[in-house]
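Here is how the chains run, residue by residue.
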Amino acid sequence: MKEFLNIFSTYSSILPIAACLFSLSKINRRLYIIILYCFISFLTDLSFKYMHLKGSPHLQFYILSSFTIIEYCVFSFFIFRTLLNTFLKYLVVFISILYLIFSIIYFVQNRSYVFDSLPASIESLILIVFCLLYFFEQISIPTTSFLYSNSTFWVIIGILFYLSGTLFLFLYAASLPTNEAFHHWYINNVFNILNKIFFAIALILNKIEVPDKIPVNRQSYI
């Protein structure tokens, strides 16, 4: 069962990529970065499956740390583009600058070459808060359509489910022996699959041209 989850997780990024290929010219521009993320995620998963990185901790650390930074940039940028409130946008930028400075310093100074548990955990916590800010803002704005009819909603749900589900795994990964950490990695696989399914739903909704939320009053009450 775990091997099946591992294979499915590795190739799950194909789902949103395939969903966008049927109608690439109609894809909303803000979703391009999600497609790019799925492509990078797919290449990263393939590298772990076929390059036997378990025997190369240095290369494994570099790939995982780089992917964590890329993942944060993609998700935070998407949320930034989605938010309407100016203060929240500045807040996202400010926190993101601090996080990236910390992650780069950690990346450069780390000499243990173990899983980047601390940056990955902080990334999850920050982005979970950003996702909650998005929902709070949406609730504060009267609209003429259902929230779940918007492709953005499914992208945010995908981010939220994935980061919430893997947060505690990332927190304890560095403190576990390598073999035991990989033994529990099926948790990451499950939520990675859910993440890509939600992204695929977002792209499919966009494809059939379900309209985005159209606020009656675009002023946020935050």
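Residues numbered from 1 in each chain as written. Predicted model: local features only at pLDDT ≥ 70, side-chain atom pairs only at ≥ 80, totals over all residues. Heavy atoms only, no water.

*Asks:* Would you explain the side chain of S9 in this entry?
*Replies:* Considering the arrangement of structural elements, one finds S9 in helix 1 (residues 2-11). Taking relative accessible area as the criterion, S9 reaches 3% and is therefore assigned buried. Those residues in contact with S9, other than ones at most four positions away along the chain, are D45, N189, N192 and I193. (Helix = DSSP H or I, 4+ residues; strand = E, 2+ residues; numbered from the N terminus. Buried < 20%, exposed > 50% of the residue type's maximum accessible area, 1.4 Å probe, protein only. Contact = heavy atoms within 4.5 Å.)

*Asks:* Is there a simple way to explain the nonpolar core in this structure?
*Replies:* One recurring pattern in soluble globular proteins: nonpolar side chains tend to sit buried together. With 46 residues, the main nonpolar core has I34, F130, V155 and F199 as its most contacted residues. Elements with a minimum of two residues in this core: helix 2 (14-21), helix 3 (32-50), helix 4 (57-82), helix 5 (86-109), helix 6 (117-140), helix 7 (151-173) and helix 9 (186-207). With residues up to four places along the chain from it excluded, the contact list for F199 reads P16, I34, Y37, C38, F75, V155, G158 and I159. (Core = buried A, V, L, I, M, F, W, Y, C linked by side-chain atoms within 4.5 Å.)

*Asks:* Would you explain the confidence of the model for the protein chain in this entry?
*Replies:* Low-confidence regions, as indicated by low pLDDT, have predicted coordinates that should not be scrutinised in detail. In the predicted model, the protein chain carries a mean pLDDT of 82, and 77% of its residues have values of at least 70. Across the protein chain, the secondary-structure element scoring lowest on mean pLDDT is helix 8 (residues 178-183), at 61, and the one scoring highest is helix 5, at 93. For the stretch residues 208-222, pLDDT sits under 50, and the model shows 38 contacts to residues farther than four places along the chain or on other chains. (pLDDT = per-residue confidence, 0-100.)

*Asks:* Where do I start with a nonpolar patch on the surface in this structure?
*Replies:* On the surface, F4, F8, L15 and I197 cluster together to form a nonpolar patch covering roughly 330 Å² of accessible area. As for its placement among the helices and strands, F8 is situated in helix 1. (Patch = residues over 30% accessible without salt bridge, like charges linked within 9 Å, V, L, I, M, F, W, Y side chains within 5 Å. Areas by Shrake-Rupley, 256 points an atom, 1.4 Å probe, with all protein chains shown as cover. Salt bridge = Lys/Arg side-chain N within 4 Å of Asp/Glu carboxyl O.)

*Asks:* Explain helix 6 to me, please; I cannot follow it from the model alone.
*Replies:* Along an α-helix, residues three or four apart share an orientation, since each turn contains 3.6 residues. An ideal rise of 1.5 Å per residue puts 34 Å on 24 residues; helix 6 measures up with 35 Å between its terminal C-alpha atoms. In terms of burial, helix 6 is largely enclosed, as 17 of its 24 residues are buried. (Expected span 1.5 Å × (residues − 1).)

*Asks:* Sorry if this is basic, but what is going on with helix 7 here?
*Replies:* Between its first and last C-alpha, helix 7 extends 33 Å over 23 residues, near the 33 Å set by a 1.5 Å rise per residue. Bending of helix 7 peaks at approximately 40° at the position of L167. In terms of burial, helix 7 is a largely internal element, 18 of the 23 residues being buried. (Bend = angle between axes of the 7 residues up to and from the residue.)

*Asks:* Help me understand the side chain of T10 in this model?
*Replies:* Assignment of secondary structure puts T10 in helix 1. Given a relative accessible area of 5%, T10 falls into the buried group. When neighbours within four sequence positions are excluded, T10 is seen to be in contact with F42, D45, L46 and K49.

*Asks:* Would you take a moment to explain the environment of G158 for this structure?
*Replies:* With respect to the helices and strands, G158 occurs in helix 7. Assessed through its relative accessible area of 0%, G158 is described here as buried. Considered as a pair, G158 and F191 are 33 residues apart in the sequence and their alpha carbons are 8.8 Å apart. Setting aside anything within four residues of it in sequence, one finds G158 in contact with N195, F198 and F199.

*Asks:* Would you take a moment to explain the packing of aromatic side chains for this structure?
*Replies:* Here a ring pair, both rings aromatic, is described through the centre-centre distance and the interplanar angle of the planes. Counted according to the given criterion, the structure contains 13 aromatic pairs. With centroids separated by 4.3 Å and ring planes inclined at 40°, the aromatic side chains of Y72 and Y99 adopt a geometry described as tilted. Residue Y72 is found in helix 4, and its partner Y99 is found in helix 5; the two are separated by 27 residues along the sequence. We classify Y72 as buried; its relative accessible area is 0%. Look at Y99 and you get buried, because its relative accessible area is 2%. An aromatic cluster is built from Y134, F135, F153, W154, F161 and F198, whose rings are joined through pairwise contacts. Over the aromatic face of F80 sits the side chain of K89, whose NZ or CZ is 4.3 Å from the ring centroid. (Phe/Tyr/Trp six-rings, centres within 6.5 Å; stacked < 30°, edge-to-face > 60°. Lys NZ or Arg CZ within 6 Å of the ring centre and 35° of its normal.)

*Asks:* Would you mind going over the environment of S47 with me for this structure?
*Replies:* Topologically, S47 is positioned in helix 3. What makes S47 buried here is its relative accessible area of 10%. Residues S47 and I63, spaced 16 residues apart in sequence, show a C-alpha to C-alpha distance of 8.9 Å. A distance of 2.5 Å separates a polar atom in the side chain of S47 from the backbone oxygen of T44. (Polar contact = N/O pair within 3.5 Å; in protein donor to acceptor, adjacent residues only side chain to side chain.)

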